[in-house]
Amino acid sequence: MKAIIIYSSYHHGNTKKVALAMGEAINAEVIEEAQAKTIDFSKYDLIGFGSGIYAFGFNKKMVELIGNASLESKNVFVFSTNDSGSTKNHKAVLDILNSKNANILGSFSCKGWDTFGPFKLIGGVSKNHPDEADLKAARDFVKNICDNNM
Ligand SMILES: Cc1cc2nc3c(=O)[nH]c(=O)nc-3n(C[C@H](O)[C@H](O)[C@H](O)COP(=O)(O)O)c2cc1C
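As the structure is a prediction and not an experimental result, all values here were calculated from the model.

## Quick word on the site of the ligand
- For the ligand, the set of nearby residues contains 19 residues, the closest of which are Ser-9, Thr-15, Ile-53, Tyr-54 and Thr-81.
- Within the side chain of Ser-9, one N or O atom sits 2.6 Å away from an oxygen atom of the ligand.
- A distance of 2.5 Å separates an oxygen atom of the ligand from a polar atom in the side chain of Tyr-54.
- Across the complex, the protein chains shield 90% of the 640 Å² of accessible surface that the ligand would expose by itself.
- Among the elements of the structure, α1 (14–26) and β4 (75–82) are those that each provide at least two residues to the shell around the ligand.
- Of the residues assigned to the shell around the ligand, the class counts are seven nonpolar, ten polar and two charged.

## Concerning the nonpolar core
- Core analysis: the biggest nonpolar cluster contains 21 residues, and Ile-6, Phe-41, Ile-47, Phe-49, Leu-71 and Leu-97 have the highest contact counts within it.
- Contributions of two or more residues to this core are made by β1 (3–8), β3 (46–52), α2 (60–68), β4 and α3 (91–99).
- Residue contributions to this core peak at three residues, all from α2.
- Apart from residues lying up to four places away in sequence, Ile-47 is in contact with Ile-4, Phe-41, Leu-71, Lys-74, Asn-75, Val-76 and Phe-77.
- Membership of the second largest hydrophobic core comes to 20 residues, among which are Val-18, Leu-135, Ala-138 and Val-142.

The rules behind the values
- Residues numbered from 1 in each chain as written.
- Predicted model: local features only at pLDDT ≥ 70, side-chain atom pairs only at ≥ 80, totals over all residues.
- Heavy atoms only, no water.
- Near = heavy atom within 4 Å.
- Polar contact = N/O pair within 3.5 Å; in protein donor to acceptor, adjacent residues only side chain to side chain.
- Areas by Shrake-Rupley, 256 points an atom, 1.4 Å probe, with all protein chains shown as cover.
- Helix = DSSP H or I, 4+ residues; strand = E, 2+ residues; numbered from the N terminus.
- Nonpolar A, V, L, I, M, F, W, Y, C, P; charged D, E, K, R; others polar.
- Core = buried A, V, L, I, M, F, W, Y, C linked by side-chain atoms within 4.5 Å.
- Buried < 20%, exposed > 50% of the residue type's maximum accessible area, 1.4 Å probe, protein only.
- Contact = heavy atoms within 4.5 Å.

See the structure below:
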């Protein structure tokens, strides 16, 4: 099983931590979105796309990358870190993946430290996240995907 995880993580590296934990759990290649432009997705059995949530969605460059990728019938999953640990802002990216007939195997999210705008005046919100429990949940999420589908 050949897996790759692509992430975008420019605020505090929160999503990078999650991507690396997932990658270690299933022995996947882990790369930044900026290095993924020439990836041949057909070589992979499983592809993960992760981003911090910025203004209610994934990083625009990540959305663009997904929009340009050939993902017909490919096994994919998405993940994010954000203020609340909710997956609600994954919808736009899931819609794109659905429109490409990708095989969506799951969606994961956890809290990530946010010091954007006025939040920095109070030391940020979701401080100390992702924490060890978040990273364990991330590892369990990808292991379950592999156990149930690969
Ligand atoms: C410019 C900006 C916009 C953000 N917008 C949202 C948002 O709309 N909803 C949310 O839950 N978190 C928002 N956040 C918080 C980030 O999603 C959170 O800090 C995330 O963990 C950042 O991930 P990163 O460190 O991997 O970049 C925003 C952060 C920044 C810097």
